[in-house]
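Architecture at a glance
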Amino acid sequence: EIKRLHLIHQAFEKKISQRQAAELAGLSTRQMRRLMKRIQREGDRGILHRKRGQPSNRRLPERVKQKVLELYQQHYGDFGPTLASEKLRERHRLTVQAETLRLWLRQAQLPYPQRKARPHRQWRPRRSCFGTLVQMDGSHHDWLEGRGPKLVLMGSIDDATNTAAGRFYDHEGTVPALDSFRRWVERYGIPASVYLDKHTTYRSPQRPSLEEQLQGLKRSQSQFERAMSELGVEVIHAHSPAAKGRIERLFGTLQDRLVKEMRLARVASLAQANRFLEHYLPRYNQRFQVEPAQPADLHRRVPAQLDLDGVLCLKTQRRLNADSTVIHQ
């Protein structure tokens, strides 16, 4: 307004034209003439906007604000403003923007979860094609908040598109990892590579046997690595959690959003959690998926002659004794 007032005085003094003043102020010549007439009548105070100090015409009614704050305290006390605004729209048909809700919570001095500042890291660029790299990991968390047993979420996320998949299990181990990978393969195909941490499920701590040394292996293979080698999938082990940031950020989001969604749905068992996940993840992917840099899909179809049951399983080598018996466990 001070800048506009200066331009108007310049126009009054004939140093610039009304058209030039309007262009510099970002106004139409018609609006500039209106302002000049108002200032001639009222003086410099005529530059002030007529709505200054008055409530906005787009302001929500006070009763809506009080209803929203009441519902937030009753049901969504540990929800962030963004998720709370989504639930208010879905469950109560109250449309409030997240930033509006955040402002109301501050004005009412109601505490709400706030994001912590994260250290800056050099992000690795995404792979260019869907199916080039799939990150996998297990997340130990109190997913049911004490309403049921302790669960582990075995999650997978495509590096190029953020396509996420997952399933709950009662522990993190080889069988859950193989089952989780199988579900990905049955839905999308065999990826070119998988990105894992150094958990013993994925990387064996044992020294290579003589037979493995003769095969040129520098260390013993885990059951998961053996299955990947049979499928022709490259296994890459991350040296730190930050290196596989996409799956870690996925777990961070789900530990906030998914936990609260399951609380609202009163999920209290492993079977219920997996049924809920089957409906939740498609909606999650629809919202958070991104377009890959290149449209090609590098997943391979499972060959017709390949028996997945004979690959994604536990295999143990044993010697046949002289009396034609085998000792196992």
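None of the values given here were measured: they were computed from a predicted structure. (Residues numbered from 1 in each chain as written. Predicted model: local features only at pLDDT ≥ 70, side-chain atom pairs only at ≥ 80, totals over all residues. Heavy atoms only, no water.)

1. A short note on the packing of helix α2 (residues 18-25) against helix α3 (residues 29-42)
Packing of α2 against α3 leaves a shortest axis separation of 9 Å and a crossing angle of 105°. Between α2 and α3, the interaxial angle falls into the category roughly perpendicular. Where α2 abuts α3, its residues Gln18, Arg19, Ala21, Ala22 and Ala25 lie against Thr29, Met32, Arg33 and Met36. Looking at side-chain class alone, the contact of α2 with α3 contains five nonpolar, two polar and two charged residues. (Axes fitted to C-alpha atoms, helices over the stretch in contact; angles between N-to-C directions. Helix = DSSP H or I, 4+ residues; strand = E, 2+ residues; numbered from the N terminus. Parallel < 35°, antiparallel > 145°, perpendicular 65-115°, else oblique. Contact = heavy atoms within 4.5 Å. Nonpolar A, V, L, I, M, F, W, Y, C, P; charged D, E, K, R; others polar.)

2. A look at helix α11 (residues 270-288)
Here α11 is 19 residues long and its end C-alpha atoms lie 25 Å apart, about the 27 Å a rise of 1.5 Å per residue gives. The largest bend in α11 is about 30°, located at glutamate 278, with the proline proline 282 one to four residues further on. For α11, the full list of buried residues reads Ala273, Asn274, Phe276, Leu277, Tyr280, Leu281, Tyr284 and Asn285. Lining the buried residues of α11 we find β2 (151-158), β3 (164-169) and α10 (245-264). (Expected span 1.5 Å × (residues − 1). Bend = angle between axes of the 7 residues up to and from the residue. Buried < 20%, exposed > 50% of the residue type's maximum accessible area, 1.4 Å probe, protein only.)

3. A look at the confidence of the model for the chain
Looking at the chain as a whole, the pLDDT averages 88, with 95% of positions reaching at least 70. Across the chain, the secondary-structure element scoring lowest on mean pLDDT is helix α8 (residues 210-214), at 68, and the one scoring highest is β3, at 96. (pLDDT = per-residue confidence, 0-100.)

4. A closer look at the environment of histidine 279
Tracing the sequence through the fold places histidine 279 in helix α11. With 155 residues separating them along the chain, histidine 279 and arginine 124 place their C-alpha atoms 31 Å apart.

5. Details of the pattern of salt bridges
Pairing between side chains of opposite charge can happen when the charged atoms of each approach one another. Counted according to the given criterion, the structure contains 21 salt bridges. For arginine 246, the salt bridge identified is with aspartate 159, shortest N-O distance 3.0 Å. Of this pair, arginine 246 sits in helix α10 while aspartate 159 sits in the loop between β2 and β3, placing them 87 residues apart in sequence. Note on arginine 246: relative accessible area 8%, which makes it buried. What makes aspartate 159 buried here is its relative accessible area of 0%. (Salt bridge = Lys/Arg side-chain N within 4 Å of Asp/Glu carboxyl O.)

6. Quick word on a positive patch on the surface
A cluster of basic residues, Arg19, Arg30, Arg33, Arg34, Lys37 and Arg41, forms a positive patch on the protein surface. Among the elements that take part in the positive patch, α3 stands out by supplying five residues, more than any other. Along the chain, arginine 41 turns up in helix α3. By relative accessible area, which is 63% here, arginine 41 ends up exposed. (Patch = residues over 30% accessible without salt bridge, like charges linked within 9 Å, V, L, I, M, F, W, Y side chains within 5 Å. Areas by Shrake-Rupley, 256 points an atom, 1.4 Å probe, with all protein chains shown as cover. Lys, Arg positive; Asp, Glu negative; His and termini not counted. Charge placed at Lys NZ, Arg CZ, Asp CG, Glu CD.)

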